[in-house]
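Here are the chains, one letter per residue:
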Amino acid sequence: MARWREIEQDAPDFAARVRERFSAGTNKTIATLRRDGSPRISASELEFGDGEVTLGMMGGSMKLLDVRRDPRIAVHSPTIEPPADAPESWPGDAKLAGRVVAIPPPADTPHAGAGFFRIDITELVLTYVGTPADHLVIESWHPGTGWRRRTRD
């Protein structure tokens, strides 16, 4: 697993484009694991700062209960539709997977019982339409192997 700063140092251009995709809107989609192992998706917000990706969860929320049982998560950036007349200009979708690690709450938090976490990343992916617009481009980063680019017709 890796912290965000490691990805920024290893693949700065890729990290900047992924961060831009996650910054395209407030609500991201987070997947957690229910008690029975089935997935649960919820809206969430992320913050990128000080070399970390962090998030908070309201006390008593189902996703908070999920990650306290099993810290594995996946997060998808806000989805923006590709322009019909120029799909190759679409900046793409970003996804990350990893484990949440509890961090101390901010000193000024008014949310008693909330959970605050950083994400240790096991996978980071950026997918977009290539030029010409007849294929997908998949860029990814994994601990130990780093950045990789491939295409799919």
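Before reading further, recall that the structure is shown in the block above.
Draft legend 1. Seen up close, the pairing of strand E1 (residues 28–33). With burial as the criterion, only one face of E1 is covered, namely that bearing Lys28, Ile30 and Thr32; the residues Thr29, Ala31 and Leu33 on the opposite face remain uncovered. As judged from the 6 bridges shared by E1 and strand E2 (residues 39–44), these two strands associate in the antiparallel manner. Paired with Ile30 across the strands is Ser42, a residue of E2. Counted between consecutive antiparallel strands, the loop separating E1 from E2 contains 5 residues, among which Gly37 sits at a positive phi close to 90 degrees. Relative to strand E5 (residues 72–76), E1 is paired through 3 bridges, and the arrangement is antiparallel.

Draft legend 2. Summary view of the nonpolar core. The biggest cluster of nonpolar side chains holds 31 residues, and the ones touching the most others in it are Trp4, Val18, Phe22, Leu55, Val75, Ile119 and Leu124. Contributions of two or more residues to this core are made by helix H1 (4–10), helix H2 (12–22), strand E4 (52–57), helix H3 (62–69), E5, strand E6 (93–102), strand E7 (115–129) and strand E8 (136–142).

Draft legend 3. Here's a closer look at the pattern of salt bridges. By the definition in use, this model includes 10 salt bridges. In this structure, Asp120 and Arg118 form a salt bridge, with 2.9 Å as the shortest nitrogen-oxygen distance. For the residue pair Asp120 and Arg118, the accessibility class agrees, reading buried in each case. Each of Arg3, Arg5, Glu52, Arg118 and Asp120 takes part in one network of salt bridges that share partners.

Draft legend 4. Spotlight on unusual backbone geometry. The omega torsion of the bond from Thr131 to Pro132 falls at 0 degrees, within 30 degrees of zero and hence cis. Mapped onto the elements of the fold, Pro132 is located in the loop between E7 and E8. The backbone of Asp50 shows a phi angle near 55 degrees, a positive value even though the residue is not glycine. Its place among the elements puts Asp50 in the loop between strand E3 (47–49) and E4. On the basis of relative accessible area, Asp50 is assigned to the exposed category, the value being 74%.

Cut-offs applied
- Residues numbered from 1 in each chain as written.
- Predicted model: local features only at pLDDT ≥ 70, side-chain atom pairs only at ≥ 80, totals over all residues.
- Heavy atoms only, no water.
- Buried < 20%, exposed > 50% of the residue type's maximum accessible area, 1.4 Å probe, protein only.
- Helix = DSSP H or I, 4+ residues; strand = E, 2+ residues; numbered from the N terminus.
- Pairing = 2+ DSSP bridges.
- Core = buried A, V, L, I, M, F, W, Y, C linked by side-chain atoms within 4.5 Å.
- Salt bridge = Lys/Arg side-chain N within 4 Å of Asp/Glu carboxyl O.

Keep in mind these values describe shape, not function.
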